[in-house]
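Fold and geometry: a report
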Amino acid sequence: MRFGVVVFPGSNCDADCFHVLKNVFGRETVYIWHKDDSFDVDCIVLPGGFSYGDYLRAGAIARFSPVMKKVVEFSEAGGLVIGICNGFQILLEAGLLPGAMLRNKSINFRCHDVYLRVENNETPFTNKALKGQVLKIPIAHGEGNYYCEPDTLKRLIANGQVVFRYCNSRGEVTEDANPNGSLYNIAGIINEKGNVLGMMPHPERCSEKILGGEDGRVIWESIIAYLERGANRG
């Protein structure tokens, strides 16, 4: 099992993801430079940060990096891809996930813990979670206001592609619990095939007790369990 963490100019959560996967979970992990045109991994992580300074739009330039052509091919072949914060924005810009990100409704950068409710626990990224489970995970973004057309939203809901929604500590999805104005309180979605996840909160920042919380572990544990089952089937 091998993880690859993509590094764009301006990434600033790449080392966090690398540390969690390699040192906390003990999995082979490598960095993938944005100009690389080949890699041999089982799961790709597009980390948070400000790729290319977020010029034009967050993720708008990064989606043209040479590595993204290979990421698209990797995902089309069924490879697992998780995009966190800026990584989610890049997945949207690249067309690997539907919709777009707008500025936060408050127009402020939001950096604090939020609560998420697991809407779908039958994905490679949530199979170790319970449906309806509430996770406390930090956010740090200025453009996390997810938007899509009404027909797209209906399709996402019908297909179970809405994986996480912002909620309060009791698991209630409310307007007050929404930190950025995101449509339908969406915090994370998957593609139709279920192998590409985008989420705004940062699970890598709460995967160790020393950091004050471990709720993010369930996402990494789910990916590892999914890949292990695949290896055993092989």
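Residues numbered from 1 in each chain as written. Predicted model: local features only at pLDDT ≥ 70, side-chain atom pairs only at ≥ 80, totals over all residues. Heavy atoms only, no water.

The chain carries the name Phosphoribosylformylglycinamidine synthase subunit PurQ in an unreviewed UniProt entry, which gives Carboxydothermus islandicus as its organism. Per its UniProt entry, the chain bears the Subcellular location (unreviewed entry) comment "Cytoplasm". (UniProt positions renumbered as here; feature names shortened; annotations may be inferred.)

A closer look at the pairing of strand β2 (residues 28–33)
In terms of strand pairing, strand β1 (residues 2–7) meets β2 through six bridges, oriented parallel. Directly across from Arg2, in β2, lies its bridge partner Glu28. As a crossover connection, the stretch from β1 through helix α1 (residues 14–24) into β2 is right-handed. (Pairing = 2+ DSSP bridges. Helix = DSSP H or I, 4+ residues; strand = E, 2+ residues; numbered from the N terminus. Right-handed = clockwise from strand over helix to strand, strands pointing away.)

Looking at the pattern of salt bridges
Within this structure, the stated rule accounts for nine salt bridges. Between Arg57 and Glu93 there is a salt bridge; the shortest N-O distance is 2.8 Å. One end of the pair, Arg57, is in the loop between β3 (43–46) and α2 (66–76); the other, Glu93, is in helix α3 (residues 86–93), and 36 residues separate them in sequence. Among the residues examined, Arg57 registers a relative accessible area of 44% and is labelled partly exposed. Classification of Glu93 as partly exposed rests on a relative accessible area of 24%. The shortest N-O distance in the salt bridge between Lys105 and Glu175 comes to 3.8 Å. Residue Lys105 is found in the loop between β5 (100–102) and β6 (110–118), and its partner Glu175 is found in the loop between β9 (162–167) and β10 (186–190); the two are separated by 70 residues along the sequence. Judged by its relative accessible area of 61%, Lys105 falls in the exposed class. (Salt bridge = Lys/Arg side-chain N within 4 Å of Asp/Glu carboxyl O. Buried < 20%, exposed > 50% of the residue type's maximum accessible area, 1.4 Å probe, protein only.)

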